[in-house]
Amino acid sequence: SAVISQKPSRDICQRGTSLTIQCQVDSQVTMMFWYRQQPGQSLTLIATANQGSEATYESGFVIDKFPISRPNLTFSTLTVSNMSPEDSSIYLCSVGLGASGELFFGEGSRLTVL
Amino acid sequence: SQQGEEDPQALSIQEGENATMNCSYKTSINNLQWYRQNSGRGLVHLILIRSNEREKHSGRLRVTLDTSKKSSSLLITASRAADTASYFCATGLQGGSEKLVFGKGTKLTVNP
C-alpha cells in the first residue's frame, strides 16, 4: 500500500489568485494522478504526472490553468491558477503501485473560491 | 468523459439489509474497481475484478462483472451504519495504463 499526504487539506481562496497543492508519497512511484471532484460529483482526471517529463493532461484541462510539477518519485504539486468560483472542488492526488491496478488516494484538498 | 454510470444515484436502507449498486460502462476494460468515499474525503479501494473474472468476494462484499453487458454490481450484505458512504465504480482501460475512469457514484445511507 501507499500513504499519501496532501497539503493543504482545505483552503478558502480569493478569485484571481493561485494555490499550489502538495502531494507526498511514502514510497517511490512512477505515475501520480491528479483528480478533481466538484461538489456532489464524481472524480474527473486532470492529468497524469510522470517524473522527469511533462504531465499529460486530459481533455478540458490545460497546463496554463493547472501546472503540475513532479521533481522526484515521491512528490508532486498541482497549482490551480487564476481561480474562479467554478474551481471550488476537492482536488485529489493518487498513485498506483503497478501490478495490482488499484489506486491509493490522499485525503484531498478542499478548495473554496470566493 | 465519464465511463461508468452507477445506479441508483442514492440508496437508503435499514441496518442488516443488503445493498446492491450497479455500474455500466462503455468501452473495453482491463479491470473494474469499486471505491468508497466517506463524506468528501479520500477514496478507499474496496475490490478489483479483472475482465476475465465473473465474480469476486471480499468479506461482506460481492462483485460481479458481465463484460457482454458492460456492467458490474456491488453487493454489500448485512449492512451496517458504518457502511454509509458514496461508492464509485472505476474502470481500468485496456492498454496497461494505471489511470482510472470513475462513474458518478451511489450515495448509500444505512439507517440504524
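Small disclaimer: the values here were computed from a predicted structure and weren't measured. (Residues numbered from 1 in each chain as written. Chains lettered and ligands numbered in written order. Predicted model: local features only at pLDDT ≥ 70, side-chain atom pairs only at ≥ 80, totals over all residues. Heavy atoms only, no water.)

*Asks:* Mind showing me how you'd approach the side chain of Arg-70 of chain A here?
*Replies:* All names here are of chain A. Its location among the elements puts Arg-70 in strand β7 (residues 68–72). A distance of 2.8 Å separates the side chain of Arg-70 from the backbone oxygen of Ala-49, its partner in a polar contact. Within the local environment of Arg-70, its side chain forms a polar contact with the backbone oxygen of Phe-75, the two atoms lying 3.4 Å apart. In contact with Arg-70, not counting residues within four places along its chain, are Val-29, Thr-30, Met-31, Met-32, Ala-49, Asn-50, Gln-51, Gly-52, Phe-75 and Ser-76. (Helix = DSSP H or I, 4+ residues; strand = E, 2+ residues; numbered from the N terminus. Polar contact = N/O pair within 3.5 Å; in protein donor to acceptor, adjacent residues only side chain to side chain. Contact = heavy atoms within 4.5 Å.)

*Asks:* Is there a simple way to explain the layout of surface pockets in this structure?
*Replies:* Over the atoms rolls a probe the size of a water molecule, and its path tells where empty space is left. Space inside the largest pocket adds up to approximately 670 Å³. Around the largest pocket, the lining is made up of 29 residues, and of these Gln-37, Gly-40 and Gln-41 of chain A together with Ser-86 and Phe-88 of chain B lie nearest the centre. Elements supplying a minimum of two residues to the lining of the largest pocket: β9 (89–96) and β11 (109–113) of chain A together with β9 (85–93) and β11 (106–111) of chain B. Counted by class, the lining of the largest pocket contains 6 nonpolar, 20 polar and 3 charged residues. (1 Å grid on protein atoms, 1.4 Å probe; cavity = no way out; pocket = protein on both sides within 12 Å on 5 of 7 lines; lining within 4 Å. Points joined across faces, edges and corners; volume = space filled by probe spheres on them. Nonpolar A, V, L, I, M, F, W, Y, C, P; charged D, E, K, R; others polar.)

*Asks:* Can you walk me through the interface of chain A and chain B in this structure?
*Replies:* Note: interface size is frequently given as the accessible area lost on complex formation between the parts. At the junction of the two partners, chain A supplies 24 residues and chain B supplies 19 residues. Both faces combined, the contact of chain A with chain B buries some 1,600 Å², and carbon together with sulfur accounts for 48% of it. Summed over the shared surface of chain A and chain B, the result is 2 salt bridges. On inspection of chain A and its partner chain B, the count reaches 9 residue pairs in polar contact (both at pLDDT 80 or more). Residue assignment for the side of chain A that touches chain B shows that the elements contributing at least two residues are β4 (31–37), β5 (43–50), β9 and β10 (103–105) of chain A. (Buried area = accessible area lost by both parts, 1.4 Å probe. Salt bridge = Lys/Arg side-chain N within 4 Å of Asp/Glu carboxyl O.)

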